[in-house]
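In case you want the letters, here they are:
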Amino acid sequence: MTDMIIESPDEVVAFLKAQHNLIEDMFDEVLFASDPAARGEPFTALRQLLAVHETAEEMVVHPRVRRDADAGDAVVDARLEEEHEAKQLLSKIEGLDITSDEFIDELAKLREAVLDHAENEENNEFPYLEKVLDADDLKHMTIAVKAAQAIAPTHPHPGVESAKLNFALGPFASMLDRARDALRHVIG
């Protein structure tokens, strides 16, 4: 999914903020589609980006903040709770008819929750990274985030919000998600 950003920053905070901006734009594309039937493809892309983005943060960013930041546990635990709630809502939305009013209502709720979550990361988590890490470390974290995104599941998996669970279950979930996505693409 990260290939959607043409010129992606090589520093992890800028990279993740750019993805936050892209996610906001993608929500708007789905919510304001002129034809309700045209929501499918942009929603699929949004869902995939949300899934890989959060997985990479759970695998790379949150453990670093938890380890290195003052009050890191509290900061990360709050972000993980937000991610869990968003994954639950996204899972629910996946089962809705994209042309329905319920889909729009639930997606609008998810948009608000995700944008609040992104703001919380940018204000309460990312400053720790910028304070504690030097430029080389921030660049190395970007490489790790991109690698995590490349192998991340493409659907939400509520309950899998820790680095350990993502490392243990993520590859299997990713393989199943990507196979399911390929079949849906072929079958329609």
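Residues numbered from 1 in each chain as written. Predicted model: local features only at pLDDT ≥ 70, side-chain atom pairs only at ≥ 80, totals over all residues. Heavy atoms only, no water.

## Examining the overall build of the protein
Helix and strand counts for the protein stand at 7 helices and 0 strands. Reading the protein from its N terminus to its C terminus gives the helix and strand order α-α-α-α-α-α-α. Within the protein, buried positions represent 46% of all 188 residues. For the protein, long-range pairs separated by at least 24 residues make up 74% of all intrachain contacts whose partners lie at least 6 apart in sequence. Carbon and sulfur atoms provide 55% of the accessible area of the protein, an area that totals close to 9,500 Å². (Helix = DSSP H or I, 4+ residues; strand = E, 2+ residues; numbered from the N terminus. Buried < 20%, exposed > 50% of the residue type's maximum accessible area, 1.4 Å probe, protein only. Contact = heavy atoms within 4.5 Å. Areas by Shrake-Rupley, 256 points an atom, 1.4 Å probe, with all protein chains shown as cover.)

## Quick notes on unusual backbone geometry
The phi angle at Ala-71 is positive, at roughly 60 degrees, despite the residue not being glycine. Among the structural elements, Ala-71 can be located in the loop between α2 (40–68) and α3 (72–94).

## Section: helix α4 (residues 101–124)
An ideal rise of 1.5 Å per residue puts 34 Å on 24 residues; α4 measures up with 34 Å between its terminal C-alpha atoms. Residues of α4 that are buried: Phe-103, Ile-104, Glu-106, Leu-107, Leu-110, Val-114, Leu-115, His-117, Ala-118 and Glu-121. Where α4 is buried, its residues touch α1 (12–31), α2, α3 and α5 (126–132). (Expected span 1.5 Å × (residues − 1).)

## Quick look at the pattern of salt bridges
Tallied over the full model, the rule gives 12 salt bridges. The closest approach of N and O atoms between Arg-64 and Asp-68, which form a salt bridge, is 2.5 Å. Remark: Asp-68 and Arg-64 occur in helix α2; sequence separation between them is 4 residues, near one turn of the helix. Residue Arg-64 is classed as partly exposed on the basis of its relative accessible area of 22%. (Salt bridge = Lys/Arg side-chain N within 4 Å of Asp/Glu carboxyl O.)

## Brief notes about the packing of aromatic side chains
Summed over all chains, the structure comprises 1 aromatic pair. Taking 5.2 Å as the distance between ring centres and 80 degrees as the angle between the ring planes, the aromatic pair formed by Phe-43 and Phe-103 counts as edge-to-face. Taken together, the residues Phe-43 in helix α2 and Phe-103 in helix α4 connect sequence positions 60 residues apart. Judged by its relative accessible area of 7%, Phe-43 falls in the buried class. (Phe/Tyr/Trp six-rings, centres within 6.5 Å; stacked < 30°, edge-to-face > 60°.)

## Examining the packing of α2 against α4
Two numbers describe how α2 lies on α4: the axes approach to 13 Å, and their chain directions differ by 30 degrees. Put simply, α2 runs roughly parallel to α4. By crossing handedness, the relation of α2 to α4 is classed as left-handed. Contact residues: α2 offers Phe-43, Leu-46, Leu-50, His-53, Glu-54, Glu-57 and His-62, while α4 offers Phe-103, Leu-107, Leu-110, Val-114, His-117 and Glu-121. A breakdown of the residues in the contact of α2 with α4 according to their chemical character gives 7 nonpolar, 3 polar and 3 charged. (Axes fitted to C-alpha atoms, helices over the stretch in contact; angles between N-to-C directions. Parallel < 35°, antiparallel > 145°, perpendicular 65-115°, else oblique. Left-handed = near helix turned anticlockwise from the far one by under 90°. Nonpolar A, V, L, I, M, F, W, Y, C, P; charged D, E, K, R; others polar.)

## Describing the side chain of Glu-125
Topologically, Glu-125 is positioned in the loop between α4 and α5. Comment: no salt bridge for buried Glu-125; closest opposite-charge side chain is Arg-79, at 5.4 Å. Looking at Glu-125, its side chain comes within polar contact range of the side chain of His-62, at 2.5 Å. In this structure Glu-125 touches Val-61, His-62, Val-65, Val-75, Val-76, Arg-79 and Asn-120, once residues within four positions along its chain are discounted. (Lys, Arg positive; Asp, Glu negative; His and termini not counted. Polar contact = N/O pair within 3.5 Å; in protein donor to acceptor, adjacent residues only side chain to side chain.)

## Quick look at helix α6 (residues 135–151)
For α6, with 17 residues, the first-to-last C-alpha span of 25 Å sits near the 24 Å given by 1.5 Å per residue. Those residues of α6 lying buried are Leu-138, Met-141, Thr-142, Val-145, Ala-148 and Gln-149. Down the axis of α6, the buried side of the element spans an arc of 130 degrees, and every buried residue falls inside it. What points out from α6, more than 90 degrees from its buried face, is the exposed set His-140, Ile-143 and Ala-150. Of the residues flanking the start of α6, the one acting as N-cap is Asp-134, its side-chain oxygen 3.1 Å from the backbone nitrogen of Asp-136. (Arc of directions from axis to C-beta.)

## Re the confidence of the model for the protein
Considering every residue of the protein, the mean pLDDT works out to 86; 81% of them sit at 70 or more. The model gives residues 1–6 a pLDDT under 50, and that stretch makes 12 contacts with residues more than four places away or in other chains. (pLDDT = per-residue confidence, 0-100.)

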